[in-house]
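# Architecture and fold: a report
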Amino acid sequence: MDPFDAGAGGLLKQPKSVWATAGASVVAFMGIGLVDPILPSIAQGLDATASQVSLLFTSYFLITAVAMLVTGFVSSRIGGRRTLLLGLAFVVVFAGLAGTSGSVGELVGFRAGWGLGNALFVSTALAVIVGAAAGGSAAAILLYESALGLGMACGPLLGALLGDASWRYPFFGTAFLMAVGFLCIAVFLKEQPKPARKTSLLDPIKALGHGGLASAAVSAFFYNYTFFTVLAFTPFVLNMSPYRSGAVFFAWGVLLAVFSVIVAPRLQKRFGSLKVLGGSLVLLAADVLVLGYGSHTAAVVCTILSGAFIGVNNTVYTELALGVSDAPRPVASAGYNFVRWFAAAAAPFFAPKIEEWTDVHIPFVVAALTAVAGAAVVVVRRKALTLPQALDSARAGAPTAEEPEPKQATEDGVTVFAN
């Protein structure tokens, strides 16, 4: 079945509960890149250095990483709907408080609370969408991936539009939009069945005992360092107005969305997941080197182009995390994300420090090396990372009978955030 078919069960013919959750997901993913175009403005407004402001990402993702051990524990006990609402409530409160910050320390702290809310929400959203969607999981997963791409694209744009007047407005705007999402989910989403087995706090750690999952997590750790060097450090290098920086990262997000949802599955189907992932990581390494050493125009072009490689990588890593081990998908995803989000916390902290210790080029050299390290893990551990052929084909865009039905996805749990 064509997931774009507007008929029953198609992407465009979904229950209101699915659209409510997908819409809130867009706003949740917007929060990741929202601060990108206003980082220099925040530094100026709060009289802070680049390394201090970059802690907005570090606190956010450090809490997100640790929360991955908690989200499955919580959602398997209170249910998906309540977990979504709890996460949204945290985001509304802490995003609003972030806009009132009087110092960079306060802002970093409120951003950490925001990260906890976002972890609870996004770790639950996919399983809830799959469980509530009509027509099977294919259209539901595509809708979720589209929400992720749209959110990553629109976050910098919203940050630029509101941040041009004041760096505080994007935080207030996010709080308002998430409050709307809270109301929509409260009204339209009914509670789904709780999983038959409750998840313990140690289950994700135990799942990493599987060689394939551990290899995917380690490779993704190195890749995420590169990813978030681009996302969190590049705005200082480009040194553009909020509008111009927002436009650059909007174009970056559009490429990320298109290559994640449309291009990556076609490449996987033709060349196989591991070849696509290894090649994309090497190309990303070359791209960030040119970004670091090229002219200002080259840096802008390479920043936008990196979205294509990041989109491909996100899709393939998601499928490896969810399919390479025999652990339940929510448990495998939680363990995988627990490892890789630490790199998302480390890169925004270390990149400005490395610049202070050396020069502006070296952070991109380090980012290129980590991308190559991620590719090396894929090559060395390719046997452990190889998906079953039927599953690889199904995830590459050719669904088979082995693809789980929505009911099974609901019973598996609610911690499936790997992008």
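Here the structure is a predicted model, which is why all the values come from computation and not from measurement. The numbering scheme is per chain: residues are counted from 1 as the chain's sequence reads. The predicted origin of the model limits local features to residues at a pLDDT of at least 70 and limits the giving and counting of side-chain atom pairs to 80 or more, whereas totals for whole chains, interfaces and linings rest on all residues. Working from all heavy atoms in the structure, the side-chain values ignore hydrogens and water.

## Details of the nonpolar core
Where we set the bar: In this description, a nonpolar core means a group of buried Ala, Val, Leu, Ile, Met, Phe, Trp, Tyr and Cys residues linked to one another through side-chain atoms lying within 4.5 Å. Burial here depends on accessible area, computed with a 1.4 Å probe over protein chains only, as a share of the maximum for the residue type. Under 20% is buried, over 50% is exposed, and the range in between is partly exposed. Labels follow the DSSP assignment, with helices taken as runs of H or I lasting at least four residues and strands as runs of E lasting at least two, numbered in each case from the N terminus. What makes two residues a contact is simply this: any of their non-hydrogen atoms within 4.5 Å.
Core analysis: the largest hydrophobic core is formed by 116 residues, its most contacted members being Ile42, Phe61, Phe121, Phe171, Ile185, Phe228 and Trp252. By residue number, the principal contributor to this core is helix H10 (residues 211–238), which donates 14 residues. Non-local contacts of Phe228, meaning those with residues more than four positions away in its chain, are made with Ile32, Phe61, Phe233, Trp341, Ala344, Ala347 and Pro348.

## A few points about the packing of aromatic side chains
So the rule is basically this: Within 6.5 Å between ring centres, the rings of Phe, Tyr and Trp (the latter by its six-membered ring) count as paired, and their orientation is classed by plane angle as stacked under 30 degrees, edge-to-face over 60, tilted in between. Two limits define a charge over a ring: the Lys NZ or Arg CZ must be within 6 Å of the ring centre, and within 35 degrees of the ring normal.
This model, assessed by the stated rule, comprises 18 aromatic pairs. Each ring, one from Phe338 and one from Phe342, has its centre 5.2 Å from the other, and the planes form 85 degrees; the classification is edge-to-face. Placement of both Phe338 and Phe342 in helix H14 (residues 329–357) is noted, with a separation of four residues, approximately one turn of the helix. Overall, the relative accessible area of 17% leaves Phe338 in the buried class. Phe342 gets classed as partly exposed once you look at its relative accessible area, which sits at 28%. The cationic tip of Arg111 hangs over the ring face of Phe57; the distance from NZ or CZ to the ring centre is 5.8 Å.

## Side note on a nonpolar patch on the surface
For the record, the criterion: The residues that make up patches have over 30% relative accessible area and no salt bridge, and they are joined within 9 Å when like-charged or within 5 Å when they are Val, Leu, Ile, Met, Phe, Trp or Tyr. Computed with the Shrake-Rupley method and a 1.4 Å probe, the accessible areas treat only the protein chains shown as cover for residues. Any carboxyl oxygen of Asp or Glu within 4 Å of a side-chain nitrogen of Lys or Arg constitutes a salt bridge here.
On the surface, Leu157, Leu161, Tyr243, Phe250, Val254, Val258 and Ile262 cluster together into a nonpolar patch covering about 540 Å² of accessible area. Every element with two or more residues in the nonpolar patch is listed here: helix H7 (137–163) and helix H11 (242–271). Among the elements that take part in the nonpolar patch, H11 stands out by supplying five residues, more than any other. When you line up the elements, Val258 lands in helix H11. Overall, the relative accessible area of 34% leaves Val258 in the partly exposed class.

## What about the side chain of Ser59?
With respect to the element layout, Ser59 can be found in helix H4 (residues 55–78). In this structure Ser59 comes out as buried when scored by relative accessible area, which is 11%.

## Topic: unusual backbone geometry
Of note in the backbone geometry, Asp47 takes a positive phi value of approximately 55 degrees without being a glycine. Following the sequence through the fold, Asp47 ends up in the loop between helix H2 (39–45) and helix H3 (50–53). Residue Asp47 is classed as exposed on the basis of its relative accessible area of 72%. One non-glycine residue, Asn239, lies in the positive phi region at around 50 degrees.

## A word on the packing of H10 against helix H15 (residues 362–380)
Think of two packed helices as two axes; the pair is described by the angle between the axes and how far apart they sit. Definition in use: Axis definition: a line fit to C-alpha positions, over the contact stretch in the case of helices; interaxial angles, taken between N-to-C directions, run 0 to 180 degrees. Roughly parallel means an angle under 35 degrees; roughly antiparallel, over 145; roughly perpendicular, 65 to 115; everything else is oblique. The sense of a crossing depends on the near helix, which, turned anticlockwise from the far helix by less than a right angle, makes the crossing left-handed and, turned clockwise, makes it right-handed. Each residue gets one label: Ala, Val, Leu, Ile, Met, Phe, Trp, Tyr, Cys and Pro are nonpolar, Asp, Glu, Lys and Arg are charged, and the others, such as Gly, are polar.
Between H10 and H15, the least distance of the axes is 8 Å, while the angle of their chain directions is 160 degrees. Comparing the axis directions of H10 and H15 gives the class roughly antiparallel. Crossing of H10 over H15 shows left-handed handedness. On H15, the residues that touch Ser215, Val218, Ser219, Phe222, Tyr223, Tyr225, Thr226, Thr229, Phe233, Thr234 and Val237 of H10 are Pro363, Phe364, Val366, Ala367, Thr370, Ala371, Ala373, Gly374, Val377 and Val378. Among the residues making up the contact of H10 with H15, the classes are represented as 14 nonpolar, seven polar and no charged.

## Some details on the environment of Leu305
When you line up the elements, Leu305 lands in helix H13 (residues 296–323). Taking the C-alpha atoms as reference points, Leu305 and Trp252, separated by 53 residues in sequence, lie 6.7 Å from one another. Not counting residues up to four positions away in its chain, the partners in contact with Leu305 are Leu255 and Asp287.

## Observations regarding the packing of helix H1 (residues 16–33) against helix H6 (residues 104–132)
Where H1 meets H6, the axes come as close as 9 Å, and the angle between the chain directions of the two elements is 150 degrees. When you trace H1 past H6, the crossing you get is left-handed. Across the interface between the two elements, Ser17, Val18, Thr21, Ala22, Ala24, Ser25, Ala28, Phe29, Gly31 and Ile32 from H1 touch Arg111, Trp114, Asn118, Phe121, Val122, Ala125, Val128, Ile129 and Ala132 from H6. Residues that form the contact of H1 with H6 fall into these classes: 13 nonpolar, five polar and one charged.

## Considering the side chain of Thr174
Looking at the element boundaries, Thr174 is found in helix H8 (residues 169–188). Not counting residues up to four positions away in its chain, the partners in contact with Thr174 are Val27, Leu34, Ala95 and Trp114.

Remember, this is a structural readout, not a statement about activity or role.
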